Amino acid sequence: MSKSIAIMWFRQDLRLSDNPALLAASKHENILPIYILDDENAGEMKMGAASRFWLHHSLNSLKSSLPELCVYQGDAIEIIDSLSKRYTIEAIYWNRCYEPWRISRDKIIKEKMHKQDIHVESFNASLLWEPWTIFKEDKTPYKVFTPFYRKGCLKSTPPRQVLPQPSSLNGVIDNQALTIDMLNLLPENRWDIELAKHWEIGEKGAQVALARFIDNGLSNYKKGRNFPAKKHTSHLSVHIHFGEISVHQIWDQIQSLPSDDNTDHFCSELGWREFSYSLLYQQPELPTKNLQTKFDNFPWQNNPMLLDAWRKGKTGFPIVDAGMRQLWQTGYVHNRLRMVVGSFLVKNLLIDWRYGERWFWDCLVDADHANNSASWQWVAGCGADAAPYFRIFNPITQGEKFDPDGSFTKKYIPELAHLPVKYLFSPWMAPSEVLAEANVTLGVNYPHPIVDLKASRETALAAFSDLGKKEI
DNA sequence: TGAAATGTTGGGGCG
DNA sequence: ACGCCCCAACATTTC
């Protein structure tokens, strides 16, 4: 007789606290905690390189806090099937994920297990409000953020209570499981070593990040969040994405503080995440298809040279390059700069937002399908409740406004470190003696601007305006 | 969660 | 003293 077990299937919930599926599994005598790297079902949506690096460390962190963690690689449907043949399974527990490919895969597994009379139970661990519960009065989903959040979420049933960590867990080892190292999640040329220095990965790191944010960042969040050189953003996105901390835990702690503009604003940012998930749930093709179909006719240029310069942070526009180099060096970009570099790619370079989405997907440690695709559609102007297409960021003005002393830009572009702030965001305007004094030679140690700001802006606006005419 | 173009106002220099 | 012009500074409109 094979051993009788309950399976706790970890996915995007790599934590012990406030983990509903784990708590349910902990009532069983013998638990097999598993993680499956399922690139097969993910297909094009499989995790990018930066995410894999994070996953590697997060799994190790999780494993060290559990009696055991068994990892597998491949089609989750087959792997769970095979487990069901080798063990007597009392139950399978997991927390819900919302990517379309996972929803359809999980549905198949659920049906298969039901046929074998195996109890399968899924829980909500990563959204404050389930996307199928928030609708307008006419029963259709919200398409505008503010009413979605204010009338939909805030007026709905409050988020569930935070759950305690299981008091005890009896882990079982499956000798056919792989080791975490065998998943090959780390890159061959070890850029991950430098990246790792910027982060504390795992459940403990997530709690530290939240505490640090509440102590230092939150008090001036609303204004401070716009300045990349300041430390007023939470840096929680990646921990939330991997479920090292739950939004319920965050919401709960912030709501327990005296309410003000800063706490409200931060909570509304969590609301944007809910909104993105709602959009993805209602529109599974969000990552690839313009929500506003008139953008299907947009005359993208998709010039590979320009795309390459953007990726490498060599556009000749210092605030853009600083953002893109921050992405490459740390796996993260400050929110203000995500908007700046996004606007620049789509509107000044006329490159399809999907190229930006793919690059971010590969480079961001917090790459998240719902957030990434909803945000790129927002920047491009083709999404729901999107920034209007004519809102084109001026990288000079944005630099001057949001990095006024130039410290952020100079950190990531050391070759401009000696340039006076007056010319830092537009080095091509600097008199030649100023450039010489600062040891800057355009075209040699820092690029000439790859486009003309004014002309490219006008081209983009004209292309967009044509779109409107075709529609009619 | 823009920016540029255009419009308006009011203080000060100047004939 | 007065009108005229210039032009910041701010407001509104347009893309």
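Definitions and cut-offs
- The numbering scheme is per chain: residues are counted from 1 as the chain's sequence reads.
- Chains carry letters and ligands carry numbers; both start at the beginning, A for chains and 1 for ligands, and go up in the order they are written.
- Two thresholds apply to this predicted model, a pLDDT of at least 70 for residue-level local features and 80 or more for giving and counting side-chain atom pairs, whereas whole-chain, interface and lining totals are computed over all residues.
- Remark: hydrogens and water are excluded; side-chain values derive from all non-hydrogen atoms of the structure.
- Working definition: helices are DSSP H or I runs of at least four residues, strands are E runs of at least two. Numbering for both runs from the N terminus.
- Here a helix's expected span is defined as the number of its residues, less one, multiplied by 1.5 Å.
- Here the term buried applies to any residue with accessible area under 20% of the maximum for its type, exposed to any over 50%, and partly exposed to those in between, with areas from a 1.4 Å probe on protein chains only.
- We call two residues in contact whenever any of their non-hydrogen atoms come within 4.5 Å of each other.
- Within 3.5 Å is the distance limit for a polar contact, defined as a pair of N or O atoms, with the added protein rule that one can donate a hydrogen and the other accept it, and that residues adjacent in sequence qualify only through two side-chain atoms.
- Marked domain ranges trace back to an automatic or database domain assignment.
- A quick way to say it: buried area is the sum, across both parts, of accessible area lost when two parts are put together, with a 1.4 Å probe.
- The salt bridge definition used is simple: a Lys or Arg side-chain nitrogen within 4 Å of an Asp or Glu carboxyl oxygen.
- Side-chain classes follow a simple rule in which Ala, Val, Leu, Ile, Met, Phe, Trp, Tyr, Cys and Pro form the nonpolar group, Asp, Glu, Lys and Arg form the charged group, and the remainder, Gly included, forms the polar group.
- Any two strands with at least two DSSP-identified bridges between them are counted as paired.
- Look down the strands so they point away from you; if going from the first strand over the helix to the second traces a clockwise path, that crossover is right-handed.
- The near set for a molecule or strand comprises every residue that places at least one heavy atom within 4 Å of it.
- Any pair of Phe, Tyr and Trp rings, taking the six-membered ring for Trp, is counted once the centres come within 6.5 Å. Such a pair is stacked with planes under 30 degrees apart, edge-to-face with planes over 60 apart, and tilted for the rest.
- Axis angles are defined between N-to-C directions and span 0 to 180 degrees, where every axis is a line fitted to C-alpha atoms and, for a helix, only to the segment in contact.
- Just so you know how the angles are binned, under 35 degrees is roughly parallel, over 145 roughly antiparallel, 65 to 115 roughly perpendicular, and the rest oblique.

1. With respect to helix H17 (residues 369-380)
Helix length check: H17 (12 residues) gives 16 Å between terminal C-alpha atoms against 16 Å at 1.5 Å per residue, within 8%. The buried fraction of H17 is high, at 10 of 12 residues. On the buried face of H17, the contacting elements are helix H12 (261-282), helix H13 (304-312), helix H15 (335-348) and helix H16 (353-363). The N-cap of H17, judged by a side-chain oxygen 3.2 Å from the amide nitrogen of Ala370 a few residues on, is Asp368. With its phi angle positive at about 90°, Gly381 sits one or two positions after the end of H17.

2. A few points about the domain arrangement of chain A
Segmenting chain A into domains produces domain 1 (4-125), domain 2 (127-162 + 203-282) and domain 3 (293-471). The gap between the C-alpha centroids of domain 1 and domain 2 is 25 Å. Taken together, the 21 residues of domain 1 in the interface contact 22 residues of domain 2. When the buried surface of domain 1 facing domain 2 is broken down by residue, Asp18, Trp54 and Tyr98 rank first, second and third, together holding 37% of it. The tally of links from domain 1 across to domain 2 stands at two salt bridges. The residue Arg96 makes a salt bridge to Glu130 at a minimum N-O spacing of 2.9 Å. At the surface where domain 1 touches domain 2, the tally comes to 17 residue pairs in polar contact (both at pLDDT 80 or more). Elements that contribute at least two residues to the side of domain 1 that touches domain 2 include exactly helix H3 (49-64) and helix H5 (100-115). For the side of domain 1 that touches domain 2, the leading source of residues is H3, giving five residues. Here the side of domain 1 that touches domain 2 is built from residues that sort into 10 nonpolar, six polar and five charged.

3. Looking at the pairing of strand S2 (residues 31-37)
Where burial is concerned, most of S2 is hidden: seven out of the seven residues are buried. Direction of pairing for strand S1 (residues 4-10) relative to S2: parallel, over a ladder of five bridges. Each residue of the ladder has a partner; that of Met8, found in S2, is Pro33. In this view, the connection linking S1 to its parallel neighbour S2 by way of helix H1 (residues 20-25) has right-handed handedness. Bridge count between S2 and strand S3 (residues 70-73): four bridges; the pairing is parallel. Of the residues in S3, the one forming a bridge with Ile36 is Tyr72.

4. Considering the protein's contact with DNA strand B
In the vicinity of DNA strand B, the residues found are Trp272, Arg336, Met339, Phe390, Arg391, Ile392, Phe393, Asn394, Thr397, Gln398, Lys401 and Arg457. For DNA strand B, the fraction of protein-proximal atoms (within 4 Å) that sit in sugar or phosphate groups is 68%. At a separation of 3.4 Å, a phosphate oxygen of DNA strand B approaches a polar side-chain atom of Arg336. Within the contact set of DNA strand B, a base nitrogen lies 2.8 Å away from a backbone nitrogen or oxygen of Phe390. Only H15 and helix H18 (395-402) provide two or more residues apiece to the surface near DNA strand B. Per-element tally for the surface near DNA strand B: the top contributor is H18, with three residues. Within the surface near DNA strand B, the residues separate by chemical class into five nonpolar, three polar and four charged.

5. Some words on the packing of aromatic side chains
Taken as a whole, this structure holds 33 aromatic pairs when the rule is applied. Between Tyr221 and Phe266, the ring centres sit 5.4 Å apart and the planes meet at 85°, which makes this aromatic pair edge-to-face. Of the two residues, Tyr221 is situated in helix H9 (residues 221-224) and Phe266 in helix H12; the sequence distance between them amounts to 45 residues. Phe266 sits in the buried class, given a relative accessible area of 4%. The rings of Tyr142, Phe145, Phe148, Tyr149, Trp272 and Phe275 are connected pair by pair, giving a single aromatic cluster.

6. Observations concerning the sheet that holds S2
Taken in spatial order, the five strands make up an open sheet running S3-S2-S1-S4-S5, and their pairing is parallel. Since the sheet does not close on itself, it has two edges, and those belong to S3 and strand S5 (119-123), each with one partner. Across the sheet, the axes of successive neighbouring strands diverge by a mean angle of 25°, strand direction being ignored. Helix H4 (residues 76-86) rests against S1, S2, S3 and strand S4 (88-95) of the sheet, and its axis sits at about 155° to S2.

7. Quick word on the side chain of Ser246
Structurally, Ser246 is set in the loop between helix H10 (237-241) and helix H11 (247-255). You can call Ser246 buried: its relative accessible area is 1%. At 2.5 Å, the side chain of Ser246 forms a polar contact with the side chain of Asp18. When sequence neighbours within four positions are dropped, the list of residues in contact with Ser246 reads Arg15, Asp18 and Ala125.

8. Let's talk about the packing of H12 against H17
In contact at an axis separation of 8 Å, H12 and H17 are set at 90° when each is read in the N-to-C sense. Compared by their axis directions, H12 and H17 come out roughly perpendicular. Judged by residue contacts, Trp272, Arg273, Ser276, Tyr277, Leu279 and Leu280 of H12 engage His369, Ala370, Asn371, Ala374 and Trp378 from H17. A class-by-class count of the residues in the contact of H12 with H17 yields seven nonpolar, three polar and one charged.

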